[in-house]
There are 2 protein chains.
Amino acid sequence: MTSMESRSGKPGPKGLSRRIPERAHPVTLRDVAEAAGVSTATVSLIVNKKKDARIAEETKQRVKDAIRALGYRPNAMAKTLVSGTSRFIGLVADGVATTPFAGQIIHGAQDEAWKHGYALLIANTEGNGELEQDAIQMMLEYKVRGILYSTWFHRQTDIPAPLREADFVLVNCFSKEPESPAVVPDEVQGGRSATAILARHGHRRIAFINATIPAPAKDGRLLGYREALEEAGIPFDPDLVMEAYPDQEGGYGATPELLHRGATAVYCYNDRMAMGLYDGLREHGLSIPDDMAVVGFDNQEVIAAHLRPPLSTVSLPHYELGAAGVRMLLELDGAPEAASDGVARIYCPPVERTSVKARARA
Amino acid sequence: MTSMESRSGKPGPKGLSRRIPERAHPVTLRDVAEAAGVSTATVSLIVNKKKDARIAEETKQRVKDAIRALGYRPNAMAKTLVSGTSRFIGLVADGVATTPFAGQIIHGAQDEAWKHGYALLIANTEGNGELEQDAIQMMLEYKVRGILYSTWFHRQTDIPAPLREADFVLVNCFSKEPESPAVVPDEVQGGRSATAILARHGHRRIAFINATIPAPAKDGRLLGYREALEEAGIPFDPDLVMEAYPDQEGGYGATPELLHRGATAVYCYNDRMAMGLYDGLREHGLSIPDDMAVVGFDNQEVIAAHLRPPLSTVSLPHYELGAAGVRMLLELDGAPEAASDGVARIYCPPVERTSVKARARA
């Protein structure tokens, strides 16, 4: 069965129901013009909302009635040929399937794009470089207004060659090349906020379990930790900074060493690590927050709020990254201020739950 | 600054770097024809790969060289105007931001679509009906080949009116209307597989903590549980079927009642419930799998493999749902067989870890 036959309304095989059109061909401008008794040029002026066109209200109404009666649908592709760009914004994402984070970037970007009359054309590459090249080429062929290039974890990136042919903004990543527009989470502020929760509750021996894997988050969150200690008048003790693989097994494995170093509170690089640490502390007969106050990072949907006790943490602002990326691309009011390196940094809001309580004075 | 100025290559405000084109207008067919010293018709025949066109190899090569030298890019929109449909498949998703599941549907649909030369045009509605209508209208205007309409949890759905104007497949949802093409997880088989893991390890008192919320998954997984018991020659005991809210708090809260009913093994409606049950069992001083064998459902990325001990569970086949949806839409070989109701059901693979061990004979 050819595509044409399928579109003609016959049911396909395997019980697929198919559209049953009321007419043999799609409704055209000419059909509308004939029904309304006007020229196709007049219909075109009305459909394309040319403001300076002088058309009688009565004629306009007749054309609009015909459009409604016939179910005429303007061809977006034809409009694009005239205007040179489509109403698409491309979004290249490298991890839609592997993390819930990419979904929030998509959500934020799409909400903001729709507000301004753009639709998102999304390509999910899962890190496949060839697919990425093809996806960007395809977006260029469809004359996108611009492209958001996003990564599921915050990192430095090279700018793929075809991306340079479009207006673009890097989302959750950044380039070494000067003036490359980018929007990323403010890791330093996030680390500061996480540590400040613990300092504010009277803790002085605050450990930080950082990640073993090099990343902007690793450097930024450590810097934020040090800044928060300084603000609270707590001397920095390098013995209280540890490293572990950033998942549940890493947090669990770090437990004995954490206890050995005499901390009363710990800020974990991410929520998954905190989840493993919960198990480790329990096996040592310790309770949270009485014996150890714990703070995470990420505010990961299926974990943070559902641990026992619910975990205080810091949110990664993925929704806002996507929305801000669109505002930067379209150069809208409310686009975040970029620093001199072209990179805008977005606030990571602290979320307080019950894994921290005030420290009893010794 | 207008959009036109921005496109002309001047740097935008806030340090945005912009594309700096090498020529004042996009490269056209005519530019290529002039450079190669042939007619635009000849270039068009070569670009559009007309197989019956008789063109000398030497001419072809000259045109291809000119295309490469000038950086000519065919306009996908113009091709669409000629062919009547674009190389887009639309995907409407209601929960990209709120669950990792939607990401897997996107991943599977996109991989399959790309294989056949289609790109995905994705709209994320987060359940907003107005946005959904607009998104489908937009897809129709862009002349998509067809639309996948997907939901993040398996449920019955109404078919939105504009969806009927396209070829469509329902993904992870289904309609009461006969012959509506749909692809969903095989919940009955999944429930059977989950229960069979426990029966195979010698358990006879196997509890099932079902969800409190009505859903096809609730009915299907219970039916599968009963079928597996019957296959194993274990009489069904209604006392061993309980209900709880399908999250960590629900599983935790169900612990005392589960212990009261004298089960040695439990199959939880989902992984989140199992995660809460782990905490509940630990607080009762019980260990998994020695005192209680536990099986979940979903194989949720950030949870199942990272619990202590790692959780045996059943995978929801979201990737495969997306891929199968595309195959059904395009009526390709390898599309899953639909039942008489138009619904194709996809296998849910069991994933065995260490939360179940052989039951010692009493």
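Residues numbered from 1 in each chain as written. Chains lettered and ligands numbered in written order. Predicted model: local features only at pLDDT ≥ 70, side-chain atom pairs only at ≥ 80, totals over all residues. Heavy atoms only, no water.

What to know about the overall build of chain A
So, step 1. For chain A, the helix and strand inventory stands at 13 helices and 12 strands.
So, step 2. A burial count over chain A gives 54% of its 362 residues as buried.
So, step 3. Residue pairs in contact within chain A that sit at least 24 positions apart in sequence constitute 69% of those at least 6 positions apart.
So, step 4. Working note: accessible area of chain A is about 15600 Å², and carbon and sulfur atoms make up 51% of it. (Helix = DSSP H or I, 4+ residues; strand = E, 2+ residues; numbered from the N terminus. Buried < 20%, exposed > 50% of the residue type's maximum accessible area, 1.4 Å probe, protein only. Contact = heavy atoms within 4.5 Å. Areas by Shrake-Rupley, 256 points an atom, 1.4 Å probe, with all protein chains shown as cover.)

Here's the deal with the nonpolar core
So, step 1. Membership of the largest hydrophobic core comes to 91 residues, with the highest contact counts inside it found for A:Val266, A:Val294, B:Val266 and B:Val294.
So, step 2. With 50 residues, the next largest nonpolar core counts A:Val169, B:Ile105, B:Val183 and B:Val326 among its residues. (Core = buried A, V, L, I, M, F, W, Y, C linked by side-chain atoms within 4.5 Å.)

Quick notes on the sheet that holds strand β6 (residues 206-211) of chain A
Residue and element names in this part refer to chain A.
So, step 1. Strand order in this open sheet of four strands is β7-β6-β8-β9, and the pairing throughout is parallel. Bordering the open sheet on either side are β7 (241-244) and β9 (293-295), each of which pairs with just one other strand. Between one strand and the next, the sheet's axes are offset by a mean angle of 25°, whatever the strand orientation.
So, step 2. Pairing between β6 and β7: four bridges, direction parallel. Pairing of Ala211 across the sheet is with Ala244, part of β7. (Pairing = 2+ DSSP bridges. Axes fitted to C-alpha atoms, helices over the stretch in contact; angles between N-to-C directions.)

With respect to the pattern of salt bridges
Residues and elements named next belong to chain A.
So, step 1. What the rule picks out here adds up to 38 salt bridges over all chains.
So, step 2. In this structure, the salt-bridge partner of Arg68 is Asp65, at a minimum N-O distance of 3.6 Å. Of this pair, Arg68 and Asp65 both sit in helix α4 (residues 57-70), separated by three residues, roughly a single helical turn.
So, step 3. Classification of Arg68 by relative accessible area gives exposed; the value is 60%. (Salt bridge = Lys/Arg side-chain N within 4 Å of Asp/Glu carboxyl O.)

Focus: the environment of A:Ile209
So, step 1. Mapped onto the elements, A:Ile209 comes out in strand β6.
So, step 2. Not counting the four nearest positions on each side in its chain, A:Ile209 is found in contact with A:Met242, A:Glu243, A:Ala244, A:Ala254, A:Val266, A:Tyr267, A:Cys268, A:Tyr269, A:Met273 and A:Leu277.

Examining the side chain of B:Lys218
Residue and element names in this part refer to chain B.
So, step 1. Position of Lys218 among the secondary structure elements: in helix α9 (residues 216-231).
So, step 2. Take Lys218: its relative accessible area is 14%, and that puts it in the buried class.
So, step 3. Beyond its immediate chain neighbours, meaning those up to four positions away, Lys218 contacts Asn210, Ala211, Thr212, Ile213, Glu243 and Tyr269.

Examining the sheet that holds strand β7 (residues 241-244) of chain B
All names here are of chain B.
So, step 1. Ordered in space as β7-β6-β8-β9, the four strands form an open sheet in which the pairing is parallel. Pairing within the sheet leaves two strands with one partner each, and these edge strands are β7 and β9 (293-295). Each strand of the sheet is rotated relative to its neighbour by a mean of 25°, with strand direction disregarded.
So, step 2. Examined bridge by bridge, strand β8 (residues 265-268) and β9 share three bridges and lie parallel to one another. Bridging across to β9, Val266 finds its partner in Val294.
So, step 3. This element, α9, spans β6 (206-211), β7 and β8 of the sheet and lies at about 170° to β6.

Some details on the state of the cysteines
So, step 1. Taken as a whole and judged by the stated rule, the model has zero disulfides over all chains.
So, step 2. With no disulfide of its own, A:Cys268 lies 17 Å from the sulfur of A:Cys348, the closest cysteine sulfur.
So, step 3. Lacking any disulfide linkage, B:Cys173 is separated from the closest cysteine sulfur, that of B:Cys348, by 16 Å.
So, step 4. Using a relative accessible area of 0% as the deciding quantity, one classes B:Cys173 as buried. (Disulfide = S-S within 2.5 Å.)

Digging into the environment of B:Ala123
So, step 1. Here B:Ala123 lies in strand β2 (residues 119-124).
So, step 2. Each C-alpha atom, one on B:Ala123 and one on B:Met273, is 30 Å from the other, the two residues being 150 residues apart in sequence.
So, step 3. Apart from the residues within four sequence positions on either side, B:Ala123 is in contact with A:Gln110, B:Leu91, B:Val92, B:Ala93, B:Ala135 and B:Met139.

What about the pairing of β6(A)?
Sheet faces and side chains relate simply in a regular strand, where the side chains alternate between the two faces.
All names here are of chain A.
So, step 1. Counted residue by residue, β6 has six buried out of six residues, so it is predominantly covered.
So, step 2. Across four bridges, β6 lies against strand β8 (residues 265-268) in parallel orientation. When the sheet's bridge partners are listed, Phe208 is paired in β8 with Tyr267.
So, step 3. Running through helix α9 (residues 216-231), the crossover from β6 to the neighbouring parallel element β7 is right-handed. (Right-handed = clockwise from strand over helix to strand, strands pointing away.)

Here we look at the packing of aromatic side chains
So, step 1. Throughout the structure, instances matching the rule amount to 13 aromatic pairs over all chains.
So, step 2. Ring centres 4.4 Å apart and planes at 10° place the aromatic pair B:Phe208 and B:Tyr267 in the stacked group. Of this pair, B:Phe208 sits in strand β6 while B:Tyr267 sits in strand β8; the two residues are 59 residues apart in sequence, bridging distant segments of the chain. The residues B:Phe208 and B:Tyr267 share a single accessibility class, namely buried.
So, step 3. Ring-pair connections join several aromatic residues into one group, and the members of that group are A:Phe88, A:Tyr142, B:Phe88 and B:Tyr142.
So, step 4. Its guanidinium or amino end placed over the ring of A:Tyr118, A:Arg87 lies 4.1 Å from that ring's centre, counting from NZ or CZ.
So, step 5. Residue placement shows B:Arg308 over the ring face of A:Tyr252; its charged tip is 3.3 Å from the ring centre. (Phe/Tyr/Trp six-rings, centres within 6.5 Å; stacked < 30°, edge-to-face > 60°. Lys NZ or Arg CZ within 6 Å of the ring centre and 35° of its normal.)

Re the packing of helix α2 (residues 29-36) of chain B against helix α4 (residues 57-70) of chain B
All names here are of chain B.
So, step 1. Following both chains from N to C, one finds α2 and α4 inclined at 125°, their axes separated by 9 Å at the closest point. With respect to α4, the element α2 is oriented oblique. Remark: the crossing between α2 and α4 carries right-handed chirality. Side by side, α2 and α4 meet where Asp31, Val32, Ala35 and Ala36 of the first sit next to Arg62, Val63, Ala66, Ile67 and Leu70 of the second.
So, step 2. Here the contact of α2 with α4 is built from residues that sort into seven nonpolar, no polar and two charged. (Parallel < 35°, antiparallel > 145°, perpendicular 65-115°, else oblique. Left-handed = near helix turned anticlockwise from the far one by under 90°. Nonpolar A, V, L, I, M, F, W, Y, C, P; charged D, E, K, R; others polar.)

Brief notes about unusual backbone geometry
Residues and elements named next belong to chain A.
So, step 1. Note that the residue after Ile288, namely Pro289, is joined by a cis bond; omega there is 5°.
So, step 2. Checked against the element boundaries, Pro289 lands in the loop between α12 (271-283) and β9.
So, step 3. For Glu179, which is not glycine, the phi dihedral falls at a positive 65°.
So, step 4. Here Glu179 is to be found in the loop between β4 (168-174) and β5 (182-185).
So, step 5. One non-glycine residue, Asn299, adopts positive backbone phi at about 50°.
So, step 6. The topology assignment puts Asn299 in the loop between β9 and β10 (313-314).

Examining helix α3 (residues 40-47) of chain A
All names here are of chain A.
So, step 1. When α3 is considered as a whole, its buried residues turn out to be Thr42, Val43, Ile46 and Val47. Down the axis, α3 shows its buried residues gathered within 130° of arc, on one side only.
So, step 2. Check the buried side of α3 and you find it contacts α2 (29-36) and α4. (Arc of directions from axis to C-beta.)

What about the confidence of the model for chain A?
Residues and elements named next belong to chain A.
So, step 1. This prediction gives chain A a mean pLDDT of 87; 88% of its residues lie at or above 70.
So, step 2. Confidence drops under a pLDDT of 50 for residues 1-24, and excluding neighbours within four residues, the segment shows 48 contacts in the predicted structure.
So, step 3. Overall fold confidence (pTM) sits at 0.80, and the ipTM for the predicted complex is 0.78. (pLDDT = per-residue confidence, 0-100.)

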